[in-house]
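Now for the letters of each chain:
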Amino acid sequence: MASLAALAGFVVGALAVMVVRQSVGRAVAAPTNENEPALPQGVASVLAVLPSSAVVLDKEDRVLRASSAARAFGLVRGEHLMAAELLALARQVRRDGEIRESEIEVAGHKFGQESTSFAVRVAPLGSHGQVLVLAEDQTEHRRVEAVRRDFVANVSHELKTPVGALSLLAETIQDAADDPEAVTRFAGRMQHEAARLTYLVQDLITLSRIQGAEPIPTPGPVPIDEAVHEAIDRCNTTAAAKDITLVAGGAEGLRIWGDDELLVTALRNLIDNAVAYSPEHTRVVVSARAAGAHNESVEISVSDQGIGIPESAQERIFERFFRVDAARSRATGGTGLGLAIVKHVAVAHNGAVTVWSKEGSGSTFTLRLPAFGGTAVAVPGTTTIPLEAAQ
């Protein structure tokens, strides 16, 4: 609203000067019909360069001039101002000559379109009852603010849980100082909660580093084989605990242009997710292949034999802190940020991530990234990495 007020003040001042000059010019020119005053000279030029929606009304509430943005948002149709709230503000301003500010919601004028939020400023223009209406679209700003508030609330909740558990466990250990077995058991729980807190902080740092849409600082050619093997190596301990076999396969020798550490982070999150939601004695397969009509992309897929994801939840799984099964996620130590990180890594590389899943049949997450040099050159081959050898 502050920026809109400053812009509106400048515009109103500039238009007022133009109105005064126009009035002086009319004093020495031929008489005109004051019952139907035209738009002051130069006003149209100013309105044409404004990024916000701008409308000038005459004393009969007819639209003398409207910017393309005002018509695109459905604020103006023909010679009529369609928003009743704006029309009421314009009439109040015309009566008392005072500038007014407000915020309004305007329903979408197209099928399926959501309402639009506007910060508005209405001011008198000239001495013939004309009124200037400026409306700034605040929809995206409000959406970002809502996301920020939700993020802060979710982070506070997620941090509160392990911190509260650590405090309670510390008190319990203190009370059970004479029971070595209880101290050992509760100390193990404290280590689990501390590890969970560490993972959450690390994921928050990673997410904040890549979600700002900043360019990758030092991009370069990234060998897919090395990234896959590194990600598998980092997940070996977790997989071994459930006797899950990690397999790397597909085409060899593929490369993308980007950041190797970010790619490893994304693959590690996908593999960790697959392991967490897969039963024991199964396997997780990571495969790569050239894709596109001219092999201009590389696809890296992570497939599991897990519980699958309900179709109703598949559109939301890349949201921060969204969990299909909150109880199971907390039991496995998940932070709810892994897939959000994967999505941002894909976007940072001008790529995308998709999911195929069926309940009871497992899931396949696929990273599609631009190939290095615009073309992926692959050497067919499949490599299986037993856990024992990788460790």
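Here the structure is shown first, and the text comes after it.
Now for a quick tour of the structure.

### Re helix α4 (residues 84-96)
Then, in step 1: For α4, with 13 residues, the first-to-last C-alpha span of 19 Å sits near the 18 Å given by 1.5 Å per residue.
Then, in step 2: Of the positions making up α4, those classed as buried are L86, L87, L89, A90 and V93. Seen from one end, α4 has its buried residues packed into an arc of 160 degrees, which puts them on one side. Relative to its buried face, α4 has exposed residues pointing more than 90 degrees away, namely A84 and R95.
Then, in step 3: Looking one or two places after α4, you find G97, whose phi comes out positive at around 75 degrees.

### Some details on the environment of S117
Then, in step 1: Within the secondary structure, S117 sits in strand β6 (residues 116-125).
Then, in step 2: It is 5.2 Å that separates the C-alpha atoms of S117 and Q138, two residues lying 21 residues apart in sequence.
Then, in step 3: The residues touching S117, leaving out its near neighbours within four places in the chain, are I104, E105, E136, D137, Q138, T139 and R142.
Then, in step 4: Polar contacts involving the side chain of S117 include one to the side chain of E105, which spans 2.5 Å.

### Focus: the packing of aromatic side chains
Then, in step 1: In this structure the tally under the stated criterion is three aromatic pairs.
Then, in step 2: On the numbers, 5.2 Å between centres and 90 degrees between planes, the contact of F73 with F118 is edge-to-face. Separated by 45 residues along the polypeptide, F73 in the loop between α3 (68-72) and β3 (76-77) and F118 in strand β6 bring together distant segments of the chain.
Then, in step 3: We classify F73 as partly exposed; its relative accessible area is 26%.
Then, in step 4: Here W257 and F372 contribute two aromatic rings whose centre-to-centre distance is 5.7 Å and whose plane-to-plane angle is 15 degrees, an arrangement assigned as stacked. One end of the pair, W257, is in strand β10 (residues 255-258); the other, F372, is in the loop between β14 (362-370) and α11 (387-390), with 115 residues separating them in the sequence.
Then, in step 5: Given a relative accessible area of 27%, F372 falls into the partly exposed group.

### Structural notes on the nonpolar core
Then, in step 1: In this structure, I224, L246, L263, I271, I300 and L367 are the most contacted members of the largest nonpolar core, which totals 52 residues.
Then, in step 2: Elements that contribute at least two residues to this core include exactly α6 (180-210), α7 (224-241), β9 (245-250), α8 (260-276), β11 (283-291), β12 (297-303), α10 (338-348) and β14.
Then, in step 3: Considering each element in turn, this core owes the most residues, nine residues, to α8.
Then, in step 4: Leaving out residues up to four positions away in the same chain, I271 has contacts with A231, I232, C235, L246, V286 and V302.
Then, in step 5: Membership of the second largest hydrophobic core comes to 22 residues, among which are L57, V63, A66 and V120.

### Section: the pattern of salt bridges
Then, in step 1: A complete count under the given rule lists 14 salt bridges for this structure.
Then, in step 2: Of the charged contacts in the structure, one is a salt bridge between R94 and D61, with a shortest N-O distance of 2.9 Å. Of the two residues, R94 sits in helix α4 while D61 sits in the loop between β1 (53-57) and β2 (63-66), which places them 33 residues apart along the sequence.
Then, in step 3: Look at R94 and you get partly exposed, because its relative accessible area is 23%.
Then, in step 4: Between R189 and E193 there is a salt bridge, and its shortest N-O distance comes to 3.3 Å. Taken as a pair, R189 and E193 lie in helix α6 at a separation of four residues, close to a single helical turn.
Then, in step 5: When its relative accessible area of 40% is taken as the criterion, R189 is described as partly exposed.

### Overview of the sheet that holds β14
Then, in step 1: Strand order across the open sheet formed by five strands is β9-β11-β12-β14-β13, with mixed pairing between neighbours. With partners counted over all chains shown, the strands left at the sheet margins are β9 and β13 (352-358), one partner each. Here the strands of the sheet are splayed against their neighbours by 15 degrees on average, with no regard to which way each runs.
Then, in step 2: In the packing of α7 onto the sheet, contacts are made with β9, β11 and β12, and the angle to β9 comes to roughly 170 degrees.

### Details of unusual backbone geometry
Then, in step 1: With a phi angle near 65 degrees, H281 is a residue other than glycine that sits in the positive phi range.
Then, in step 2: On the basis of relative accessible area, H281 is assigned to the exposed category, the value being 58%.

### Examining the packing of α7 against α8
Then, in step 1: Closest axis-to-axis distance for the α7/α8 pair is 8 Å, and the angle between their directions is 40 degrees. The angle between α7 and α8 places the two elements in the oblique class. Crossing handedness for the pair α7 and α8: right-handed. When α7 is examined against α8, the residues I224, A227, V228, E230, A231, I232, R234, C235, T238 and A239 are found in contact with a partner set consisting of E261, L263, V264, L267, R268, I271, D272 and V275.

What counts and what doesn't
Residues numbered from 1 in each chain as written. Predicted model: local features only at pLDDT ≥ 70, side-chain atom pairs only at ≥ 80, totals over all residues. Heavy atoms only, no water. Helix = DSSP H or I, 4+ residues; strand = E, 2+ residues; numbered from the N terminus. Expected span 1.5 Å × (residues − 1). Buried < 20%, exposed > 50% of the residue type's maximum accessible area, 1.4 Å probe, protein only. Arc of directions from axis to C-beta. Contact = heavy atoms within 4.5 Å. Polar contact = N/O pair within 3.5 Å; in protein donor to acceptor, adjacent residues only side chain to side chain. Phe/Tyr/Trp six-rings, centres within 6.5 Å; stacked < 30°, edge-to-face > 60°. Core = buried A, V, L, I, M, F, W, Y, C linked by side-chain atoms within 4.5 Å. Salt bridge = Lys/Arg side-chain N within 4 Å of Asp/Glu carboxyl O. Pairing = 2+ DSSP bridges. Axes fitted to C-alpha atoms, helices over the stretch in contact; angles between N-to-C directions. Parallel < 35°, antiparallel > 145°, perpendicular 65-115°, else oblique. Left-handed = near helix turned anticlockwise from the far one by under 90°.

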